[in-house]
Amino acid sequence: MDVHTTPLECNRDFRVKFEMAADFIGKEALLKQKSQGIKRKFIQLFIQGHDLETDPWPWGSEPIYMNGKFAGMTTSSTYGYSVDKLICLGFVQDFDNSGQAKYITNDTIMKGGAQFEVDIAGKWYGARVGILPPKIPPAVSDSYRPSTVH
């Protein structure tokens with residue numbers, strides 16, 4: 001998140017206390033955005049069909065496609081050890097035929113049957129999309145306990 005991203009765009013609106021009597025910087029703008037809707041959404045893309053040994057790795061700024069149409073760019077990427085996949089983060093938009101961004105919802109992304117792909121060095125990879133952080137599995141070993149070094 002940065003100064004150009006709102007909590008609504010990255011599914012963190014539950015962290016904003018809209019019901020608070022006191023005003024806070026940006027409250028009016030957030031309430032307006034909440035009532036009108038948002039035009040971009042921060043998502044996670046779990047890259048499918050990628051060979052870690054031979055395929056190029058994403059660096060950020062890779063194009064994201066939703067249902068075969070350009071929808072945004074990745075902002076960053078990493079290997080997720082707990083999910084054993086490459087993960088790209090990025091913003092997507094839903095453009096109309098004239099190229100204008102339409103309002104986008106979680107349902108547009110998650111329930112509409114949308115198919116996502118990421119162009120990594122000219123090769124398109126399918127991606128499973130997420131809008132919330134993945135569940136981290138518990139530690140595998142109960143026997144390991146960190147100790148202090150004397």
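Reading the values: rules and limits
Residues numbered from 1 in each chain as written. Predicted model: local features only at pLDDT ≥ 70, side-chain atom pairs only at ≥ 80, totals over all residues. Heavy atoms only, no water. Helix = DSSP H or I, 4+ residues; strand = E, 2+ residues; numbered from the N terminus. Buried < 20%, exposed > 50% of the residue type's maximum accessible area, 1.4 Å probe, protein only. Contact = heavy atoms within 4.5 Å. Areas by Shrake-Rupley, 256 points an atom, 1.4 Å probe, with all protein chains shown as cover. Core = buried A, V, L, I, M, F, W, Y, C linked by side-chain atoms within 4.5 Å. Salt bridge = Lys/Arg side-chain N within 4 Å of Asp/Glu carboxyl O. Arc of directions from axis to C-beta. Pairing = 2+ DSSP bridges.

A. Focus on the overall build of the chain. From N to C terminus, the chain includes two helices and eight strands. Counting every position in the chain, which comprises 150 residues, the buried fraction comes to 36%. Of the contacts made within the chain by residues no fewer than 6 positions apart, 61% connect residues no fewer than 24 positions apart. Carbon and sulfur atoms form 55% of the exposed surface of the chain, whose accessible area is close to 10,100 Å².

B. Seen up close, the nonpolar core. Membership of the largest hydrophobic core comes to 25 residues, with the highest contact counts inside it found for Ile43, Leu45, Ile47, Val92, Ile109 and Phe116. If near-sequence neighbours (up to four positions away) are discounted, Ile43 is found in contact with Cys88, Leu89, Gly90, Val92, Ile109, Phe116, Val129, Gly130 and Ile131.

C. Examining the pattern of salt bridges more closely. Summed over all chains, the structure comprises four salt bridges. One salt bridge in this structure joins Glu9 and Arg40, with 3.3 Å as the shortest N-O distance. Taken together, the positions of Glu9 in the segment before helix H1 (27–36) and Arg40 in the loop between H1 and strand S1 (41–47) put the pair 31 residues apart, joining distant regions of the chain. Across the pair, exposure class does not vary: Glu9 and Arg40 are buried alike. With its nearest N and O atoms 3.6 Å apart, the salt bridge here joins Asp94 to Lys102. Using a relative accessible area of 14% as the deciding quantity, one classes Asp94 as buried.

D. Structural context of H1. Within H1, burial applies to Lys27, Leu30 and Gln33. Along the axis of H1, the buried residues cluster in a sector spanning 125°; they form a single face. What points out from H1, more than 90 degrees from its buried face, is the exposed set Glu28, Ala29, Lys32 and Ser35. At the exit of H1 stands Gly37, carrying a positive phi of roughly 110°.

E. Broad picture of the pairing of S1. Among the seven residues of S1, six are classified as buried, and the element is accordingly described as predominantly covered. In this structure, S1 lies alongside strand S4 (residues 85–92), joined through six bridges in antiparallel fashion. Bridging across to S4, Phe46 finds its partner in Ile87. Relative to strand S8 (residues 123–130), S1 runs antiparallel, the two sharing four bridges. Bridge assignment links Ile47 to a residue of S8, and that residue is Ala127.

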